[in-house]
Amino acid sequence: MSSGDRHSGARRHYAPIVPKDPSTANVGSAKTRKRSPSSPADGTSAARDAAAPSSGGSATAERATRKSQSPHRTTAAAEENHAENSTPHTATTTSTTTTTTSTSTSDNSETGGESAAKVTLISTSEPLVPTAPGTDASGGDKIVHDGKLGSAGKSVSMAPPGMKASLATEEKSAEVKHRLASFYIKLQDRILAHIFPFEVWIGTTRKKRSLEVNLSTGIITRFCKVRHKNKEQWLFSQILQAVRSETDPRKVTLRMRTTDDVNLCFINQVQRERFYGLCWLGQCNMMLTTKMPRVEQVKIFVGTWNMGGAAPQQPVSLWIPTGHHFDIVVVCAQECMYESLFEKVIEHLGADYLRLELVSILTVKMAVFVHNSHIAKIRNIEHSSENTGIATVLGNKGAVAVAFQFHDTSFCFIGSHLAAHQSRVDERNKHFHTIASNLDLGMNKFNILQQFDHVIWCGDLNYRIDLSKEKTLELIQNSDWRHLVEADQLIAQRAKNAVFYGFQEGELLFRPTYKYHVGTRDYDTGGKKKRIPAWCDRVLWKTLPGAAPLEQKQYFCCDLLTSSDHSPVFSVFTTTTQLAPSPLLETPFSITITSVTAVLYPANALHPSLMSTTVASTSTTSTASASATPPTSESTPEDLAPPATDLVLLFRAPFLNPERNWQSRPSTPGAEGTGGLCWADRDIPQLLAHVPDPEYYVRQHLFVQVQTASHIYGHSAIPIGESIDSASASSTHSTGVACKFEVEILRHAYPVGVLRGLILVTAAP
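Residues numbered from 1 in each chain as written. Predicted model: local features only at pLDDT ≥ 70, side-chain atom pairs only at ≥ 80, totals over all residues. Heavy atoms only, no water.

*Asks:* Would you mind going over the overall build of the chain with me for this structure?
*Replies:* Helix and strand content of the chain: 14 helices and 27 strands. Across the 765 residues of the chain, 53% fall into the buried class. For the chain, the accessible surface area stands at approximately 33600 Å², while carbon and sulfur atoms represent 52% of it. (Helix = DSSP H or I, 4+ residues; strand = E, 2+ residues; numbered from the N terminus. Buried < 20%, exposed > 50% of the residue type's maximum accessible area, 1.4 Å probe, protein only. Areas by Shrake-Rupley, 256 points an atom, 1.4 Å probe, with all protein chains shown as cover.)

This is the structure in structure tokens:
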């Protein structure tokens, strides 16, 4: 991934393209068309007039006159004459309709009007073509009847003066609706055959070319100049990954297994998203259904081990369980001098796994392995590292990280080795914040703890137990984990919000993993160092509000690997990942944010570590201000003082066009006494979300960068799942209900304020 952004009214009906009932595809064979206001529904009126008892000569004559001028009979005669002079295609349709009508009239005459015959015509529930000035209700040009020719150049039979307009409407409506019915039947046939057409741009000349996806054959075809002659084809089986561009909302790159990558540029974002959804279906060998699976459960193994500079002596199968189908395996090692550990891991996992990424700084290393069946589902793989060792240069201490997206759910795995020794608690806290602030992953200049659905942090964190050696050993002997936990430094610091703010950790129900005699699992409490046993090796996680929960199934240590003075620790998680958007929908969505206020904490209420946290200067793509000085993330007393006004909100999300600047106007002071800032509704831009699938937004977030003209103040993530309802979103007349949100503003992993407001997601007008 580039250093750019990773994520880059009344409701309208957005029914799937595939008809709900394919049996209704033969339009005109089962339903009744909306009739013209001038056309009766059936022969009921004529039958009633014929059957009515005579009340006098004048009344009988009047009924006979009215019956002879019946629009239904006149229309039938005119259509019969028109069928003889029209083109064969039109004559077939018209004669079919005329035959039905004539039969109805004949039956009425024979039975004396005792029963009314039903007329079956081409059906539609609403106009298929919008009415525009100069057109009739069916969308065609108006035909001016002068007794000779209509505007289409066809012969038109003479009709009584009062019926010319009705005749023109009926004829043109039947013809246009027949053509539309034929078009939709062909389109339905293509969809049911799993064939989907697209348009793409070619090269810098911006020439349009047709592209076709055939799910049934697994072939993507791009046609060149002449359709079906000059063309390029690719099989889904040849595609390793389909990757959406982070900078151009219309581009997709197909990473091929054996040939060069294929770059496709679609004419708009909606087509790109539909193509991406089809690619995912094709790569997973799934056919198109109206009830596609929307989530996939994954099982994750995360292990951390301080190897003490020694090569592993025992098999890693003692640490990584066998017989479990892990979708993702993450192994982090500290004081690792050899990469033989990772070779043993891949050998143990078998041929069904491959190494996705390996990143290291000196002795801190981390590798990510995935099952082969998931490689097409993973994209935007990136890694980063941060040194916190001697002079912040040496890599004996620091962190490595790997981030990627599994389907449309983002993960970030961080492995670290923090400062050692019992008394260096503040130094460990500082290392944590330096790492969290400086790792360069995902969106540019955006806090990593506020942009990934799941962050899993593991490693030798080196937090100790604040008890005497004797007391600690006694509690361990009695398996009294509760009293040991009460003295754990990390738990105490988390309770003060000094470190790992917003993270979770499972219960510590295993022996402290440090410090052992090498080769045994007896604690080494003698010698000069006299170390106190401690839970140095930990696994914690953080999930964004509104994201699918990350459930910890296991959290334990492995005392069977004895080549180090640390025992390895492992944790097993399960969660659901969000699949690609449905390719059947077309209507984009609009996001409206109103009543926005921000309450910023005073500088003297912020955590002291904020004053000493420094962030490396990097380039920024922000366009928040016309000032020559770009916003930075470095902490100074002036930066931490809450601004009195002119705070700007910059919105980012994977479903927003990255080429546009989704930015608010500057804030104004809030109500007196509130100590906050506010934005008028007109100051917040209307956001256009180009993914046309309401279920896609259930687990999505709107990321907000809070900044002034000179620096970035903090970041927030607004969950939008509660603001959209899949059932009501499909209703054309639903206006939706705005949902309240209240999210924290974080700066360098510390809370610095609260952002509140209302959010509403509706079908775009």
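Right, picking up where we left off after that structure.
*Asks:* How do you make sense of the side chain of asparagine 380 when you look at a structure like this?
*Replies:* Turning to its location among the elements, asparagine 380 is positioned in strand E12 (residues 378-387). Overall, the relative accessible area of 8% leaves asparagine 380 in the buried class. Within the structure, asparagine 380 has its side chain in polar contact with the side chain of glutamine 405 (distance 2.8 Å). (Polar contact = N/O pair within 3.5 Å; in protein donor to acceptor, adjacent residues only side chain to side chain.)

*Asks:* Hey, could you run me through helix H7 (residues 340-349) in this one?
*Replies:* Every α-helical turn comprises 3.6 residues, leaving residues that sit three or four positions apart pointing alike. Leu341, Phe342, Val345 and Leu349 are the residues of H7 that are buried. In a view along the axis of H7, the buried residues occupy a sector of 90 degrees, so they form one face of it. Exposed side chains of H7 directed beyond 90 degrees from the buried face belong to Glu343 and Glu347. The secondary structure elements touched by the buried residues of H7 are strand E8 (295-306), strand E9 (328-334), strand E10 (353-361) and strand E11 (364-371). Of the residues one or two after H7, glycine 350 is the one with positive phi, at around 100 degrees. (Arc of directions from axis to C-beta. Contact = heavy atoms within 4.5 Å.)

*Asks:* I keep staring at the sheet that holds strand E1 (residues 195-202) and nothing clicks. Help me out?
*Replies:* Where strands meet in a sheet, backbone hydrogen bonds hold them as pairs that are either parallel or antiparallel. Reading across the sheet, the 7 strands line up as E4-E3-E2-E1-E7-E6-E5 and stay open at both edges, with antiparallel pairing between neighbours. Edge strands, defined here as strands with exactly one partner in the open sheet, are strand E4 (231-235) and strand E5 (239-244). For this sheet, the mean inter-axis angle between neighbouring strands, taken without regard to orientation, is 30 degrees. Pairing geometry for strand E6 (residues 251-256) and strand E7 (residues 262-266), over 4 bridges, is antiparallel. Looking at E7, one finds that lysine 251 is bridged to cysteine 265. Seen against the sheet, helix H6 (residues 269-283) touches E1, strand E2 (207-214), strand E3 (219-223), E5, E6 and E7 and runs at an angle of roughly 155 degrees to E5. (Pairing = 2+ DSSP bridges. Axes fitted to C-alpha atoms, helices over the stretch in contact; angles between N-to-C directions.)

*Asks:* Even after reading the chapter, I still don't get the packing of aromatic side chains, so can you show me in this structure?
*Replies:* Each aromatic ring pair is characterised by the separation of its centres together with the angle its planes make. Here the structure, examined in full by the defined rule, presents 26 aromatic pairs. In textbook terms, an aromatic cluster arises when at least three aromatic residues are bridged by ring pairs, as seen for Phe301, Trp305, Trp319, Phe326 and Phe570. When the ring centre of tyrosine 463 is taken as reference, the NZ or CZ atom of arginine 428 above it lies at 5.2 Å. Over the ring of tyrosine 713 we find arginine 747; its NZ or CZ atom is 5.9 Å from the centre of that ring. (Phe/Tyr/Trp six-rings, centres within 6.5 Å; stacked < 30°, edge-to-face > 60°. Lys NZ or Arg CZ within 6 Å of the ring centre and 35° of its normal.)

*Asks:* Help me out: how do you make sense of the sheet that holds E8 in this one?
*Replies:* Strand order in the open sheet made by the 6 strands is E10-E11-E9-E8-E18-E17, with mixed pairing throughout. Only two strands of the sheet have a single partner each, and these edge strands are E10 and strand E17 (551-557). Going from strand to strand, the sheet's axes swing by 15 degrees on average, the running direction of each strand aside. This element, H7, spans E8, E9, E10 and E11 of the sheet and lies at about 15 degrees to E11.

*Asks:* I would appreciate a short explanation of the nonpolar core in the present structure.
*Replies:* The nonpolar side chains of a soluble globular protein tend to be buried, and buried together. Within the largest apolar cluster, 44 residues are counted, with the highest numbers of intra-cluster contacts made by Val302, Ile328, Phe404 and Phe413. Not counting residues up to four positions away in its chain, the partners in contact with isoleucine 328 are Lys299, Ile300, Phe301, Val368, Phe369, Val370, Phe404, Phe406 and Phe413. In this structure, Leu656, Trp662, Ile759 and Ala763 belong to the second largest nonpolar core, which totals 36 residues. (Core = buried A, V, L, I, M, F, W, Y, C linked by side-chain atoms within 4.5 Å.)

*Asks:* Please clarify how the environment of glycine 753 should be interpreted in this entry.
*Replies:* Position of glycine 753 among the secondary structure elements: in strand E27 (residues 750-763). As a C-alpha pair, glycine 753 and serine 716 span 37 residues in sequence and 9.6 Å in three-dimensional space. Discounting chain neighbours no more than four positions away, the residues touching glycine 753 are Val599, Leu600, Tyr601, Val743, Glu744 and Ile745.

*Asks:* Just to check I follow, could you spell out the pattern of salt bridges for this structure?
*Replies:* Side chains that differ in charge, positive against negative, can pair when their charged atoms come close. Going through the model one piece at a time under the given rule, you end up with 20 salt bridges. In this structure, the salt-bridge partner of arginine 250 is aspartate 248, at a minimum N-O distance of 3.6 Å. Its relative accessible area of 12% is what places aspartate 248 among the buried residues. (Salt bridge = Lys/Arg side-chain N within 4 Å of Asp/Glu carboxyl O.)

*Asks:* Could you clarify how one ought to interpret the pairing of strand E20 (residues 648-652) in this entry?
*Replies:* Both faces of the sheet carry side chains from a regular strand, because those side chains alternate between them. Counting buried positions along E20 gives 5 out of 5 residues, so the element sits mostly inside the fold. In E20, alternate side chains face the same way, and those of Val648, Leu650 and Arg652 on one face and Leu649 and Phe651 on the other are all buried. As paired elements, E20 and strand E24 (residues 701-707) share 5 bridges and run antiparallel to each other. Bridging from a neighbouring strand, valine 648 pairs with glutamine 707 of E24.

*Asks:* Got a minute to help me understand the confidence of the model for the chain in this structure?
*Replies:* Parts of the prediction with low pLDDT should not have their coordinates interpreted in detail. Within the chain, residue pLDDT values average 74, and 64% of them lie at 70 or more. Within the model, pLDDT remains below 50 along residues 1-159, and this stretch shows 242 contacts once partners closer than five positions in the same chain are excluded. Here residues 612-638 is a poorly scored stretch, pLDDT under 50, and it has 56 contacts once near neighbours within four places are set aside; other chains count. (pLDDT = per-residue confidence, 0-100.)

*Asks:* Looking at this structure, I do not really get helix H9 (residues 469-477). What am I missing?
*Replies:* Among the residues making up H9, those that are buried are Thr472, Leu475 and Ile476. One side of H9 carries all its buried residues, which in axial view fall inside an arc of 100 degrees. Counted as exposed and oriented over 90 degrees from the buried face of H9: Glu470 and Gln477. Looking one or two residues past H9, serine 479 carries a phi angle of roughly 55 degrees, positive in sign.

*Asks:* Can you help me understand unusual backbone geometry in this one?
*Replies:* Most of the time, phi is negative for any residue but glycine, and the peptide bond is trans. In the segment running from tyrosine 514 into lysine 515, the intervening peptide bond is cis, with an omega of 10 degrees. Its place among the elements puts lysine 515 in the loop between helix H11 (489-495) and strand E16 (537-543). Unlike most non-glycine residues, histidine 407 shows phi in positive territory, near 55 degrees. By the secondary structure assignment, histidine 407 is in the loop between strand E13 (398-406) and strand E14 (409-417). The phi torsion at phenylalanine 500 lies on the positive side, around 50 degrees, for a residue other than glycine. Residue placement: phenylalanine 500 occurs in the loop between H11 and E16.

*Asks:* Looking at this structure, I do not really get the environment of aspartate 524. What am I missing?
*Replies:* By the element assignment, aspartate 524 lies in the loop between H11 and E16. By relative accessible area, aspartate 524 is classed as buried at 18%. In this structure the C-alpha to C-alpha distance between aspartate 524 and aspartate 565, which are 41 residues apart in sequence, comes to 8.5 Å. What aspartate 524 contacts, discounting residues up to four positions off in sequence, is Lys515, Tyr516, His517 and Arg531.

*Asks:* Whenever I open this one, the side chain of glutamine 700 confuses me. Can you help?
*Replies:* For glutamine 700, the location among the structural elements is in the loop between strand E23 (687-689) and E24. A polar atom in the side chain of glutamine 700 sits 2.9 Å from the side chain of glutamine 578. Discounting chain neighbours no more than four positions away, the residues touching glutamine 700 are Asp408, Gln578, Pro654, Phe655, Ile718, Pro719, Ile720 and Gly721.

*Asks:* What exactly am I supposed to notice about the environment of lysine 397 here?
*Replies:* Looking at the element boundaries, lysine 397 is found in the loop between E12 and E13. Distance in space between the C-alpha atoms of lysine 397 and histidine 431 is 9.0 Å, their sequence separation being 34 residues. The contact partners of lysine 397, leaving out residues within four places of it in the chain, are Ile361, Glu386, Asn387, Thr388, Gly389, His417, Leu418, Ala419, Ala420 and Asn462.

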